[in-house]
Amino acid sequence: MTSPTDQLASRTGYVLIKLGEEALAAAERALAPLGLRAKHVNVLTLIETHRLSQQQLSTGIGLDRTTMVGLVDDLEAGGYATRERDPDDRRRYVVSPTTAGIAALRAAEKVLDEVEAAVFAGLSTAERRTLHQLATRALESTRQPR
């Protein structure tokens, strides 16, 4: 007879959720000394090369607008991003990184590379690539209209 824990672990979705939780927790611990959270890094990544509105950021990351406003507030307060009126649509605010924001992003990327190496240490490079490809394909399939 299987244990309740074994029953849960037999479900791929459960295993992926637990893996994601572990990866996120490790990332948050590693980013904390930089004064950043994983969501901040997501925003900085998106605005590095694109001037995006808060609404576009919300859609791109999949967060509600209120949460996005708080994240941009944090980045502004830390000197990592600026929020300006969009000259093409004065109702919108466009978020851009500062020089300090780009430097913080580079530091965060190094930290996150180390976190991923640790989280996936039990997998070979080829296995990590395969896992990424399969997880990406599965995620994309959930976004297809049914």
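Here the structure is a predicted model, which means the values were calculated and not measured. (Residues numbered from 1 in each chain as written. Predicted model: local features only at pLDDT ≥ 70, side-chain atom pairs only at ≥ 80, totals over all residues. Heavy atoms only, no water.)

### Considering the overall build of the chain
Counting its regular elements, the chain contains seven helices and three strands. Its helices and strands taken in sequence order, the chain reads α-α-α-β-α-α-β-β-α-α from the N to the C terminus. By the burial criterion, 25% of the 146 residues in the chain qualify as buried. Put simply, 49% of the contacts in the chain that link residues at least 6 apart link residues at least 24 apart. Each charge class in the chain can be summarised by its mean position, and for the 19 positive and 19 negative side chains these summaries are 4 Å apart. (Helix = DSSP H or I, 4+ residues; strand = E, 2+ residues; numbered from the N terminus. Buried < 20%, exposed > 50% of the residue type's maximum accessible area, 1.4 Å probe, protein only. Contact = heavy atoms within 4.5 Å. Lys, Arg positive; Asp, Glu negative; His and termini not counted. Charge placed at Lys NZ, Arg CZ, Asp CG, Glu CD.)

### Digging into the pattern of salt bridges
According to the stated counting rule, one finds 10 salt bridges in the structure shown. When the shortest N-O distance is used, the salt bridge between R37 and E28 registers 3.8 Å. Salt-bridge contacts for D86 lead to R92; the nearest nitrogen and oxygen are separated by 2.6 Å. You can call D86 buried: its relative accessible area is 6%. Residue R92 is classed as partly exposed on the basis of its relative accessible area, which comes to 29%. (Salt bridge = Lys/Arg side-chain N within 4 Å of Asp/Glu carboxyl O.)

### Here's the deal with the side chain of D86
Looking at the element boundaries, D86 is found in strand β2 (residues 81-86). Separated by 2.6 Å, the side chains of D86 and R92 make a polar contact. When neighbours within four sequence positions are excluded, D86 is seen to be in contact with R92, Y93 and V94. (Polar contact = N/O pair within 3.5 Å; in protein donor to acceptor, adjacent residues only side chain to side chain.)

### Focus: the confidence of the model for the chain
Overall, the prediction assigns the chain a mean pLDDT of 93, with 99% of residues at 70 or greater. Per-element confidence in the chain ranges from a low mean pLDDT of 84 for helix α1 (residues 4-9) to a high of 97 for helix α6 (residues 99-119). (pLDDT = per-residue confidence, 0-100.)

### Describing the sheet that holds strand β1 (residues 52-53)
An order of β1-β3-β2 is seen for the three strands of this open sheet, with the pairing classed as antiparallel. The sheet terminates laterally at β1 and β2, the two strands that pair on one side only. Summarising the sheet, β2 and strand β3 (residues 89-97) pair through six bridges and their orientation is antiparallel. Paired with E84 across the strands is V94, a residue of β3. (Pairing = 2+ DSSP bridges.)

### What about the nonpolar core?
Grouped together as the largest cluster of nonpolar side chains are 24 residues, with contacts concentrated most on L36, V43, L44, I47, L57, M68 and L75. Looking at this core, the elements with two or more residues in it are α2 (12-31), α3 (38-47), α5 (65-77) and α6. Setting aside chain neighbours within four positions, we find M68 in contact with V43, Q54, L57, S58, I61 and L63. (Core = buried A, V, L, I, M, F, W, Y, C linked by side-chain atoms within 4.5 Å.)

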